[in-house]
Amino acid sequence: MVGRIANPRRQEEEELRAMRRLPPGQALTHKFPILHYGQLPEIDLAAWTFRVSGAVEEERVWTWSEFNQLPRTRITLDLHCVTRWSKFDTIWEGVAMKTLVEQGYIRLKPEARFAVQHCEHGYTTNTPVGLLLSDNMLMATHYDNKPLDLEHGYPLRMVIGINRANPNAQSAYLWKGGKWLRGVEFTASDRPGFWERLGYNNEADPWREQRYA
Ligand SMILES: Nc1nc2c(c(=O)[nH]1)N[C@H]1C(S)=C(S)[C@@H](COP(=O)(O)O)O[C@H]1N2
Ligand SMILES: [Mo]
């Protein structure tokens, strides 16, 4: 066609839409935007700990070197940000909460139905336990085969997206993946986190466009 300007990004976007991988109102990006509230934290790995608390039989606290000896998982996720960008086939490596529960590192109490992520500077976000223990969430130390950049949550972040091994499972927009993660607290009742209290949707399902409350 004379005069038609090819736009490879738009074409790829249409292909992803046809494959039902692009949720409504989202646009494909190949960049990795950086979004968070407040300043970057200063990280001291010698003083760093990761705590699992709340509705568990025994609280756990791991140092950075102990955390790195936990069993590891590698997954590929499609990420969907509430600010309307989506990034596909992102590769993450780290520790799955699912593995820690299955292998007995953490024993949940029966009342544990929700989980709050606790991050540096007091950022929190909440999900149901079922989602946290799914293949759509990972406590990641590595992105794209490299340690995380500080801007994306070094040394540890929760990442949440859609794993194509199970594309119909529940997932949520990326704000429910806390950067600079320092702990997970299991709770009996749901406790809205930082953005959830400021008017973001508590469920945050990208397929239902649950952006704001
Ligand atoms: N600790 C912390 N984690 C956070 C945030 C934040 O403000 N603080 N913002 C969230 C939001 S709104 C988004 S969209 C993603 C962005 O992750 P990225 O900067 O790696 O793209 O981080 C989430 N995790
Ligand atoms: Mo966001």
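Read on for an overview of the structure.

Basis of the calculations
- Residues numbered from 1 in each chain as written.
- Chains lettered and ligands numbered in written order.
- Predicted model: local features only at pLDDT ≥ 70, side-chain atom pairs only at ≥ 80, totals over all residues.
- Heavy atoms only, no water.
- Buried < 20%, exposed > 50% of the residue type's maximum accessible area, 1.4 Å probe, protein only.
- Helix = DSSP H or I, 4+ residues; strand = E, 2+ residues; numbered from the N terminus.
- Pairing = 2+ DSSP bridges.
- Axes fitted to C-alpha atoms, helices over the stretch in contact; angles between N-to-C directions.
- Near = heavy atom within 4 Å.
- Polar contact = N/O pair within 3.5 Å; in protein donor to acceptor, adjacent residues only side chain to side chain.
- Areas by Shrake-Rupley, 256 points an atom, 1.4 Å probe, with all protein chains shown as cover.
- 1 Å grid on protein atoms, 1.4 Å probe; cavity = no way out; pocket = protein on both sides within 12 Å on 5 of 7 lines; lining within 4 Å.
- Points joined across faces, edges and corners; volume = space filled by probe spheres on them.
- Core = buried A, V, L, I, M, F, W, Y, C linked by side-chain atoms within 4.5 Å.
- Contact = heavy atoms within 4.5 Å.

1. Re the pairing of strand E8 (residues 137-143)
With respect to burial, E8 is a largely interior element, 6 of its 7 residues being buried. Taken together, the 4 bridges between strand E5 (residues 85-95) and E8 define a ladder with antiparallel strand orientation. Bridge pairing in E8 places Trp92 opposite Tyr143. Judged from the 4 bridges that link them, E8 and strand E10 (residues 157-160) form a sheet pairing that is antiparallel. What sits directly across from Leu138, in E10, is Val159. The antiparallel pairing of E8 with strand E9 (residues 146-147) creates a hairpin that spans 2 residues between the two strands, and Asp144 there sits at a positive phi of about 55°.

2. Describing the sheet that holds strand E12 (residues 181-187)
Read across the sheet, 5 strands follow the order E3-E2-E12-E6-E7 without closing on themselves; strand pairing throughout is mixed. With partners counted over all chains shown, the strands left at the sheet margins are strand E3 (60-63) and strand E7 (124-128), one partner each. Strand-to-strand, the axes of this sheet are offset by a mean angle of 15°, without reference to chain direction. Across 4 bridges, the pairing between strand E2 (residues 49-54) and E12 is parallel. In the sheet register, Arg51 faces E12, and the bridge partner there is Gly183.

3. Brief notes about the site of ligand 1
The immediate surroundings of ligand 1 are formed by 19 residues, with Pro33, Tyr37, His152, Arg157 and Lys179 found nearest. In this structure, an oxygen atom belonging to ligand 1 sits 2.6 Å away from a side-chain N or O atom of His152. In this structure, an oxygen atom belonging to ligand 1 sits 2.6 Å away from a side-chain N or O atom of Arg157. For ligand 1, whose unbound accessible area comes to 530 Å², protein coverage reaches 98%.

4. Observations concerning the layout of surface pockets
The computed volume of the largest pocket comes to approximately 470 Å³. Around the largest pocket, the lining comprises 26 residues; the ones closest to its centre are Leu35, His36, Tyr37, Tyr123 and Trp195.

5. Looking at the nonpolar core
Counting residues in each nonpolar core, the largest one holds 35 residues, and the members touching the most others are Phe50, Phe67, Met139 and Phe186. Looking at this core, the elements with two or more residues in it are E2, helix H2 (64-67), helix H3 (97-102), strand E6 (114-119), helix H4 (129-132), E8, E10 and E12. With sequence-adjacent residues up to four places away left out, Phe67 is seen in contact with Trp48, Phe50, Trp62, Val95, Met139, Thr141 and Leu156. Membership of the second largest hydrophobic core comes to 14 residues, among which are Leu77, Leu79, Ala140 and Leu148.

6. Looking at the pairing of E6
Burial analysis of E6 places 5 of its 6 residues in the buried class, the great majority of the element. Of the strand pairs in this sheet, E6 and E7 are connected by 5 bridges, and their pairing is antiparallel. Bridging from a neighbouring strand, Val116 pairs with Asn126 of E7. Between E6 and E7, which pair antiparallel and follow one another directly, the connecting turn spans 4 residues, one of which, His121, has a positive phi of 65°. Sheet analysis places E6 next to E12, joined by 6 bridges and oriented antiparallel. Each bridged residue has a counterpart across the sheet, and for Cys119 the counterpart in E12 is Leu181.

Limitation: the analysis is restricted to geometry and does not speak to function.
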